[in-house]
Amino acid sequence: MIIDAQIHVWKAPTADRPWPPDAIEPHRAVPLEVPEVSALMAGAGVSGALLLGPTWEGSRNDYTLAAAAAHPRRFGAICRYATGDPAEVEKLAHWRETAGMYGIRMSLNRGDVDGTVAAAEASGFWSAAQRFGVPLNIYAPGRHALYERLAQRYPGLRITVDHAAVESAAVPLVEAVQPLLALAKYPGIAVKASALPCFVREEHPFPSVTETVHRLVDAFGADRVFFGSDLSRLPVPYPQLVDAFVHHTPRLSESERTAVLGGALADWIGWDR
């Protein structure tokens, strides 16, 4: 069983389903829709995936939740949420009633990040997510102090660090994840080993990627490291990335590899597949 921890899917803008006027450039010109994702997964030997709507579509969850509802054993949804709205935060008590929803994504990589974090504090979002057991996926590249502050203040939160908090390819990947390893002491923090080929310039089997996975597992344990592709911007063939995790991680035991490839993620978010 291989579960991809993150794949963006989206549809082209229409009059009935417009994108925000200030939408950023998408990862590719042609939308990555669910049928194509299914075909690519089949070709790479991936059995399941968590789908995420991209920021250029706005805070939409309709497409991902529809896919999860239609194919509950193949797809789950990580949802955007109005984290600064107290009225929406109150609804988190019932989040498990939304079929196919397995967590919330916060993108803290552009704009007024500090303001967004403060608004989530003021609305009671962090406390509610902790109280109601909502898994969070937070993309805050380079902001290791933010992850640590949240882990200290809300020890019951389940936070997945998206893309291992790597900012760019300017620093060698193995070095770029070093500050993250210090956060392994917080049991509520897990790591999405996703999009890693975006930060290297290597041929298959991507030795820096697999060495990074080894170091993450050494620090966090295999139960808190999750395979992911970020498929829409993946610069290498999908089957090659899967092969690197399956056949080129020699320091992982069979049970550790099984966990990283999907077993641990399913347990972390409560996805009964």
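Right, let's walk through the structure included here. (Residues numbered from 1 in each chain as written. Predicted model: local features only at pLDDT ≥ 70, side-chain atom pairs only at ≥ 80, totals over all residues. Heavy atoms only, no water.)

Some details on the overall build of the protein chain
Then step 1. In terms of helices and strands, the protein chain carries 11 helices and 8 strands.
Then step 2. In terms of overall dimensions, the protein chain is globule-like: its C-alpha atoms have a radius of gyration of 17 Å, near the 19 Å expected for 273 residues.
Then step 3. Along the first, second and third principal axes, the C-alpha set of the protein chain runs to 50 × 40 × 35 Å.
Then step 4. Counting over 273 residues, the protein chain shows a buried share of 54%.
Then step 5. Counting only carbon and sulfur atoms, one obtains 52% of the accessible surface of the protein chain, whose full area is about 11,500 Å². (Helix = DSSP H or I, 4+ residues; strand = E, 2+ residues; numbered from the N terminus. Rg over C-alpha atoms; globule rule 2.2 N^0.38 Å. Buried < 20%, exposed > 50% of the residue type's maximum accessible area, 1.4 Å probe, protein only. Areas by Shrake-Rupley, 256 points an atom, 1.4 Å probe, with all protein chains shown as cover.)

Re the side chain of S123
Then step 1. For S123, the position within the fold is in helix α4 (residues 113-123).
Then step 2. Polar contacts involving the side chain of S123 include one to the main-chain carbonyl oxygen of T83, which spans 2.6 Å.
Then step 3. Of note is the side chain of S123, whose polar atom sits 3.1 Å from the backbone oxygen of A120.
Then step 4. Sequence-distant contacts of S123, that is, excluding residues within four places in its chain, are made with T83, G84, D85, P86 and V89. (Polar contact = N/O pair within 3.5 Å; in protein donor to acceptor, adjacent residues only side chain to side chain. Contact = heavy atoms within 4.5 Å.)

Topic: the packing of helix α1 (residues 34-44) against helix α10 (residues 238-247)
The angle between the axes and the distance between the axes are what describe a pair of packed helices.
Then step 1. At their nearest, the axes of α1 and α10 sit 8 Å apart, and the two run at 45 degrees to each other. Our classification of the angle between α1 and α10 gives oblique. Both α1 and α10 take part in a crossing whose hand is right-handed. Here L40, M41, G43 and A44 of α1 lie close against α10, whose contacting residues are Y238, P239 and V242.
Then step 2. Residues belonging to the contact of α1 with α10 are distributed by class as follows: 6 nonpolar, 1 polar and no charged. (Axes fitted to C-alpha atoms, helices over the stretch in contact; angles between N-to-C directions. Parallel < 35°, antiparallel > 145°, perpendicular 65-115°, else oblique. Left-handed = near helix turned anticlockwise from the far one by under 90°. Nonpolar A, V, L, I, M, F, W, Y, C, P; charged D, E, K, R; others polar.)

A short note on the nonpolar core
Then step 1. Within the largest apolar cluster, 99 residues are counted, with the highest numbers of intra-cluster contacts made by I7, F125, W126, I138 and Y238.
Then step 2. With 8 residues, the single largest contributor to this core is helix α11 (residues 254-269).
Then step 3. Look past the residues within four positions of I7 in its chain and what remains in contact with it is L32, V37, M41, A49, L50, L51, L52, S229, L231 and Y238. (Core = buried A, V, L, I, M, F, W, Y, C linked by side-chain atoms within 4.5 Å.)

Structural notes on the packing of aromatic side chains
Given two aromatic rings, their pairing is described by the distance between the two centres and the angle made by the two planes.
Then step 1. As enumerated under the stated definition, the model contains 5 aromatic pairs in all.
Then step 2. Centre to centre, the rings of W10 and W56 are 4.9 Å apart; their planes meet at 85 degrees, and the pair counts as edge-to-face. A residue pair is termed long-range when its members are at least 10 positions apart, and W10 in the loop between β1 (3-8) and α1 and W56 in the loop between β2 (48-52) and α2 (62-70) qualify at 46 residues. By the burial criterion, W10 is buried, and W56 matches it.
Then step 3. Judged by centre distance (5.4 Å) and plane angle (65 degrees), the rings of F125 and W126 are edge-to-face. Comparing F125 with W126 shows no difference in burial state: the two are buried.
Then step 4. The positively charged end of K11 is found above the aromatic ring belonging to Y63, 4.9 Å away from the centroid.
Then step 5. Over the ring of W268 we find R158, and its NZ or CZ is 4.3 Å from the ring centre. (Phe/Tyr/Trp six-rings, centres within 6.5 Å; stacked < 30°, edge-to-face > 60°. Lys NZ or Arg CZ within 6 Å of the ring centre and 35° of its normal.)

From the geometry alone we can't say anything about function, so treat these as descriptive.
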